[in-house]
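Observations on chain architecture
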Amino acid sequence: MLWATSIPEGGARADLEAGTAELHLRNICSVLDTFTVPNSLDPTRPLGNPVSAAIDSLDIEWSGVTRRVLSFSDPTNQFAGDFVETSASIRLAVRTLASTGHGFRFVSSATTAVNFAQIGRERNGVFF
Amino acid sequence: MSFSRRNFIRASAGAASAGLVLESTLSKPLLAAEAAHRDCPVQPEPIPHTIATPFGTTIHFFFPGPVEGVDPVTGHDPSVITNFRGVIGEVEMAFTGTGTDLNTGQSAPYGFDADVRFMRGHFVAADGQTHRGAFAFI
C-alpha cells in the first residue's frame, strides 16, 4: 500500500528543539488495501483496484534524539532544513471491511520494531 | 506472514533493470489508484524524484534514511510532497501483532513492514496557490 491523504492539522505536531513529535489518527477511511505489494504497484492486477479499509487508530510518538543534522541543504534534490533522528513508539489498529469479503483486522503489539525514525523542519521545491 | 515493500521494490527493480521497460505515464499521483480517493479541494504535488517499479509505474518518494542519502533512492528528502515548507515526521518499522480474519474469526500472529510519514505546513498546490494543511503517507 502506498497512499497519501489529507489529515486534520491537529493530528500532527513536531517540536524540533525538544526532539519530539506526535501523529494521532482516528477513523481514517478510504484506505487502499490491496493485500500485496505487487497489487499496490500494478493497476492491471486483479486486486490492483482499491478495497475499502480503515485505520481505526494510529498513534506514533517520536522522542529520544539520536542524531541532529542542522542547516542541511541538498541542491540536487532541492530541499533543506533541520532534521533530528530519534526513536519512536507506534500503536496501530487497522481493518479491511468485512463487507469486501476480505475482512481483516490488525492490532499491533508492543514488540513492533523501529528501523528508522526522523522528524524535521524543511522546505523544498519553490521554497528551497 | 511478513513482507517488505522496500525489499520487494528493490528486488524487482534489480530484475527490471535487466530488461523491463520502466517508463511511466503516471506523473502526478503517488499511485494511479490514489486518484479515486482524492476528496480534498486542493492537493499537493509529489516530489519530482521517482522510483520505477517493474509494472511501468513510478513512485514519488525516497526510501527512509538519513537526509545525506545512503544511495540514490534511500534517504534524502523525507517529504513526499514538493513546494512544501513545514514539519515532517517519518518512521520505518516492522510491525508485529495479531491479525484477525473478520469473515472466519480466526486470529494469528501477523507482521509487516511499514513506512509512515506526516507533513504539516504550507504547500503550493496543483492550483498554483499556497495552502496550509497536513498529510499522512502510509
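Residues numbered from 1 in each chain as written. Chains lettered and ligands numbered in written order. Predicted model: local features only at pLDDT ≥ 70, side-chain atom pairs only at ≥ 80, totals over all residues.

1. Re the overall build of chain B
Definition in use: Counting from the N terminus, the helices are the DSSP runs of H or I reaching at least four residues and the strands are the DSSP runs of E reaching at least two. Think of it as a crowd count around each C-beta: if 20 or more other C-beta atoms lie within 10 Å the residue is buried, if 12 or fewer it is exposed, and in between it is partly exposed, with C-beta placed from the backbone throughout. Note on contacts: residues are paired as contacts if their backbone-placed C-beta atoms lie within 7 Å.
For chain B, the count of helices and strands is one helix and five strands. Order of helices (α) and strands (β) in chain B, N terminus to C terminus: α-β-β-β-β-β. Of all 138 residues assigned to chain B, the portion counted as buried reaches 44%. Of the contacts formed within chain B by residues at least 6 apart in sequence, a portion of 56% connects residues at least 24 apart.

2. Side note on the overall build of chain A
Per the secondary structure count, chain A includes one helix and seven strands. Relative to its 128 residues, chain A shows a buried fraction of 38%. Of the contacts formed within chain A by residues at least 6 apart in sequence, a portion of 63% connects residues at least 24 apart.

3. Focus on the nonpolar core
The following threshold applies: A set of buried Ala, Val, Leu, Ile, Met, Phe, Trp, Tyr and Cys residues, joined to one another through C-beta atoms within 7 Å, is what we call a nonpolar core.
A:Ile60, B:Phe118, B:Phe135 and B:Ala136 are the most contacted members of the largest nonpolar core, which totals 45 residues. If near-sequence neighbours (up to four positions away) are discounted, B:Phe135 is found in contact with A:Ala4, A:Thr5, A:Ser6, A:Ile7, B:Pro44, B:Ile81, B:Phe118 and B:Met119.

4. Quick word on the pairing of strand 5 (residues 130–137) of chain B
Worth spelling out the cut-off: Strand pairing requires that DSSP identify at least two bridges connecting the strands.
In terms of strand pairing, strand 1 (residues 4–7) of chain A meets strand 5 of chain B through four bridges, oriented antiparallel. Across the sheet, residue A:Ser6 finds its bridge partner in strand 5 of chain B, namely B:Phe135.

5. Structural notes on the confidence of the model for chain A
Rules: Per residue, pLDDT measures the predictor's confidence, with a range of 0 to 100.
When pLDDT is averaged across chain A, the result is 84; 78% of the residues are at 70 or more. Across chain A, the element-wise mean pLDDT spans from 63 in helix 1 (residues 37–41) of chain A up to 96 in strand 7 (residues 113–124) of chain A.

6. With respect to the confidence of the model for chain B
All names here are of chain B. In the predicted model, chain B carries a mean pLDDT of 76, and the fraction of residues at 70 or more is 70%. Taken as a whole, residues 8–39 scores under 50 in pLDDT and shows 51 contacts with residues more than four places along the chain or in a different chain. Overall fold confidence for the complex sits at a pTM of 0.79, while the interface term, ipTM, reaches 0.85.

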